[in-house]
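Here's the letter readout for the chains.
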Amino acid sequence: MTTPDIAARRKLGACAALMVGALTLTACGGSANAKDDAKGGSDSAKTSVAKIAISAKDGSTGASINKTGVKVSDGKLTDVKMTVAGGGQAVPGSISSDGKAWKPKEQLERGTKYQISATAKDTKGRTAAANSIFTTVTSANSFIGTYTPDNGSTVGVGMPVSFTFDKAITNRKDVQSHITVTSSSGQQVVGHWFGSQRLDFRPEEYWKAGSKVTMKIDLDGVEGTNGVYGVQKKAVTFTVGRSQVSTVDVNTQTMTVVRDGTTIKTVPISAGSPEHTTYNGQMVISEKFVQTRMNSRTVGLGGEYDIPDVPHAMRLTTSGTFIHGNYWYNKGNPPFGRQGTSHGCVGLADVQGAGGSTPAKWFYDNSLIGDVVIVKNSPDKTVSPDNGLNGWNLDWSQWVAGSDA
């Protein structure tokens, strides 16, 4: 393809050759004297042998936001400039120590037009140049996965690796095969699809305390569905902290907190009322808020409550089950340890403003994202495994059956 830039050079009589298939302009060195050019054999002596390759082809669309860069053979890069085409905004980058490659400092933006101009010299000091104007893959033609937990975090033993994709995935096997999750504990880790947009990974049993878990995401260029490609390429590592599993017994309205196999505290609680029961099952703390607003309308109820400052709230399900502090209880007849009074949450005694030394504050301060809270003996059903990070409610054979590995 002849770009406007190349056409302009031809009009000016510049000596340049477009290398077919490599998108490489090789500059001619030496004099432009017509007498010299007429002498046979002079071109090969004056032309740089350095060959520059820009990964994104000139005029291309759908270029990678991760892999775009410049390489050179038979020479060293001397200068690379990358800008947002049209606006001229510079894209920072660096040439490798051996002069053989250049790459941007940060991931490129999707659906953006860029220009790269590169120069290099061979061992005899002769210059070669190359240019490319291209557009990165658009949002419409790409997919990303929002994942948890974050890189560098420390989590509880129940924390799965969970991806939520922004588009429906039809090539589930290809996508899953480009995400690997391993643990220093040596536990086997298997992925499980909940529909076409969510993929979770976990071992058969809870993670071993103190283990390091690494997930490698290599989705850049992987076709998730027809004409839609991944753009992510990175490695994420997190640490599993101490083991803490807390069991809520609705019969006794108490919660027993077990850390590393030893009971450290028994806390009186108030679970769901007979009209609004609490789910049974294994639930994982997915979010923590010192204070948050809770409005009954957001969970499909009427205008039964709207509390702007619920203290020490920790989410257990997507549908709105929390374990949280309660300061609005009847002080003359506290329900904790005696009866269920909530709309399905697990309540602990607390004070307004989230201050003081209360059972709710103690539990909040001693809990991690990824800790497990088990509810038993409730008249309600077992929580759905995809309602929050609660895949532990599937046995191992069911979990493996949902894999596309």
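These numbers come from a predicted model, not from an experiment.

As for the confidence of the model for the chain
Of the residues in the chain, 87% reach a pLDDT of 70 or more, and the chain-wide mean stands at 89. Considering only residues more than four positions removed or in separate chains, one finds that residues 1-44, a stretch of pLDDT under 50, has 60 contacts.

Quick word on the nonpolar core
In this structure, F163, F165, V175, V181 and F201 are the most contacted members of the largest nonpolar core, which totals 29 residues. Of all the secondary structure elements, the ones that give two or more residues to this core are β13 (161-165), β14 (179-183), β15 (189-194), β16 (198-203), β17 (212-218) and β20 (233-240). Non-local contacts of F201, meaning those with residues more than four positions away in its chain, are made with P160, V161, F163, Q176, I179, V181, V189, V190, G191 and W399. Counting 23 residues, the second largest nonpolar core, distinct from the first, contains A50, I65, V80 and I116.

A closer look at the pattern of salt bridges
Where charged atoms from two side chains of opposite charge approach closely, those side chains can pair. If you walk through the whole model with that rule in mind, you get eleven salt bridges. Of the charged contacts in the structure, one is a salt bridge between D74 and K51, with a shortest N-O distance of 3.9 Å. Separated by 23 residues along the polypeptide, D74 in the loop between β4 (70-73) and β5 (76-84) and K51 in strand β3 (residues 51-54) bring together distant segments of the chain. For K51, a relative accessible area of 40% translates into the label partly exposed. With a closest N to O distance of 2.6 Å, D306 and R293 form a salt bridge. Linking D306 in strand β26 (residues 306-315) with R293 in strand β25 (residues 287-295), this pair joins segments that are 13 residues apart in sequence. Exposure remark for R293: the relative accessible area of 54% places this residue in the exposed category.

Looking at the sheet that holds β14
Strand pairing in a sheet relies on backbone hydrogen bonds. The paired strands run either parallel or antiparallel. Pairing within the open sheet is mixed, and its four strands lie in the order β12-β20-β17-β14. Either end of the sheet is taken by a strand with one partner, and the two such strands are β12 (154-155) and β14. Bridging between β17 and β20 involves seven bridges; their strand directions are antiparallel. Across the sheet, the residue bridging to D218 is K233, located in β20.

Criteria and thresholds
- Residues numbered from 1 in each chain as written.
- Predicted model: local features only at pLDDT ≥ 70, side-chain atom pairs only at ≥ 80, totals over all residues.
- Heavy atoms only, no water.
- pLDDT = per-residue confidence, 0-100.
- Contact = heavy atoms within 4.5 Å.
- Core = buried A, V, L, I, M, F, W, Y, C linked by side-chain atoms within 4.5 Å.
- Buried < 20%, exposed > 50% of the residue type's maximum accessible area, 1.4 Å probe, protein only.
- Helix = DSSP H or I, 4+ residues; strand = E, 2+ residues; numbered from the N terminus.
- Salt bridge = Lys/Arg side-chain N within 4 Å of Asp/Glu carboxyl O.
- Pairing = 2+ DSSP bridges.

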